[in-house]
Amino acid sequence: MLNTLETICIVSAQHYNITLGQLKSDCRKKEYNLARIHAILIFTELHKEATLGLIGRYLSDRVHCSIIHAKKNGIKKLKSDTAFAYLHKAIKTEVLKLI
């Protein structure tokens, strides 16, 4: 399951032209946050049984409530931002080809 999460994070980071280390960092730059949100959404869509703690530990020991917050914001953004939704679909399609 962690290999899948890492693949998702790498693909998401590539779409935002950042490194995996930057995606996992504590930095709150917009690109880093958006890449993280895509990774969280895709991973939770593909692995419904995964705990939020697992995702948080992989993303530099974030607490599960940070993951919940990112997921809620991502769901809102998917509904309100067509560019974000389009990119999300593109990232997910690429991930599905790799796993």
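Because the structure is a prediction, the values reported are computed rather than measured. (Residues numbered from 1 in each chain as written. Predicted model: local features only at pLDDT ≥ 70, side-chain atom pairs only at ≥ 80, totals over all residues. Heavy atoms only, no water.)

**Focus on the overall build of the protein**
Phase 1 of the analysis: Across its full length, the protein holds 6 helices and 0 strands.
Phase 2 of the analysis: Along the chain direction, N to C, the helices and strands of the protein fall in the order α-α-α-α-α-α.
Phase 3 of the analysis: Rg of the C-alpha trace for the protein: 12 Å, near the compact-globule value of 13 Å for 99 residues, within the 12% margin.
Phase 4 of the analysis: Taking the principal axes of its C-alpha atoms as reference, the protein extends roughly 30 × 25 × 25 Å.
Phase 5 of the analysis: Taking all 99 residues of the protein together, 37% fall into the buried category.
Phase 6 of the analysis: By sequence separation, contacts in the protein at least 24 residues apart represent 62% of the contacts at least 6 residues apart. (Helix = DSSP H or I, 4+ residues; strand = E, 2+ residues; numbered from the N terminus. Rg over C-alpha atoms; globule rule 2.2 N^0.38 Å. Buried < 20%, exposed > 50% of the residue type's maximum accessible area, 1.4 Å probe, protein only. Contact = heavy atoms within 4.5 Å.)

**Focus: the pattern of salt bridges**
Phase 1 of the analysis: Taken as a whole and judged by the stated rule, the model has 2 salt bridges.
Phase 2 of the analysis: Residue Lys92 pairs with Glu45 through a salt bridge whose shortest N-O separation is 2.8 Å. Here the residue Lys92 occupies a position in helix 6 (residues 82-98), and Glu45 occupies one in helix 3 (residues 30-46), the gap between them amounting to 47 residues.
Phase 3 of the analysis: Where Lys77 meets Asp81, a salt bridge forms, and the shortest distance between an N and an O atom there is 3.3 Å.
Phase 4 of the analysis: Relative accessible area serves as the criterion here: at 26%, Lys77 is assigned to the partly exposed category.
Phase 5 of the analysis: On the accessibility criterion, Asp81 (24% relative accessible area) is partly exposed. (Salt bridge = Lys/Arg side-chain N within 4 Å of Asp/Glu carboxyl O.)

**Points about the nonpolar core**
Phase 1 of the analysis: Ranked by internal contacts, the top residues of the largest apolar core, which has 27 residues, are Cys9, Ile18, Leu23, Phe43 and Leu59.
Phase 2 of the analysis: For this core, the elements supplying multiple residues, two or more each, are helix 1 (2-15), helix 3, helix 4 (52-58), helix 5 (64-80) and helix 6.
Phase 3 of the analysis: At 9 residues, the largest contribution of residues to this core is made by helix 3. (Core = buried A, V, L, I, M, F, W, Y, C linked by side-chain atoms within 4.5 Å.)

**Considerations on the environment of Leu46**
Phase 1 of the analysis: Considering the arrangement of structural elements, one finds Leu46 in helix 3.
Phase 2 of the analysis: Among the residues examined, Leu46 registers a relative accessible area of 28% and is labelled partly exposed.
Phase 3 of the analysis: For the pair Leu46 and Gly21, spaced 25 residues apart in sequence, the C-alpha separation works out to 23 Å.
Phase 4 of the analysis: When neighbours within four sequence positions are excluded, Leu46 is seen to be in contact with Ile8, Lys92, Val95, Leu96 and Ile99.

**What to know about the packing of helix 5 against helix 6**
Phase 1 of the analysis: In the contact formed by helix 5 and helix 6, the axes pass within 6 Å of each other and the chain directions differ by 110 degrees. Regarding the angle of helix 5 to helix 6, the classification is roughly perpendicular. Mapping the contact onto sequence places Gly74, Lys77, Leu78 and Ser80 in helix 5 and Thr82, Phe84, Ala85 and His88 in helix 6.
Phase 2 of the analysis: Partitioning the contact of helix 5 with helix 6 into residue classes produces 3 nonpolar, 4 polar and 1 charged. (Axes fitted to C-alpha atoms, helices over the stretch in contact; angles between N-to-C directions. Parallel < 35°, antiparallel > 145°, perpendicular 65-115°, else oblique. Nonpolar A, V, L, I, M, F, W, Y, C, P; charged D, E, K, R; others polar.)

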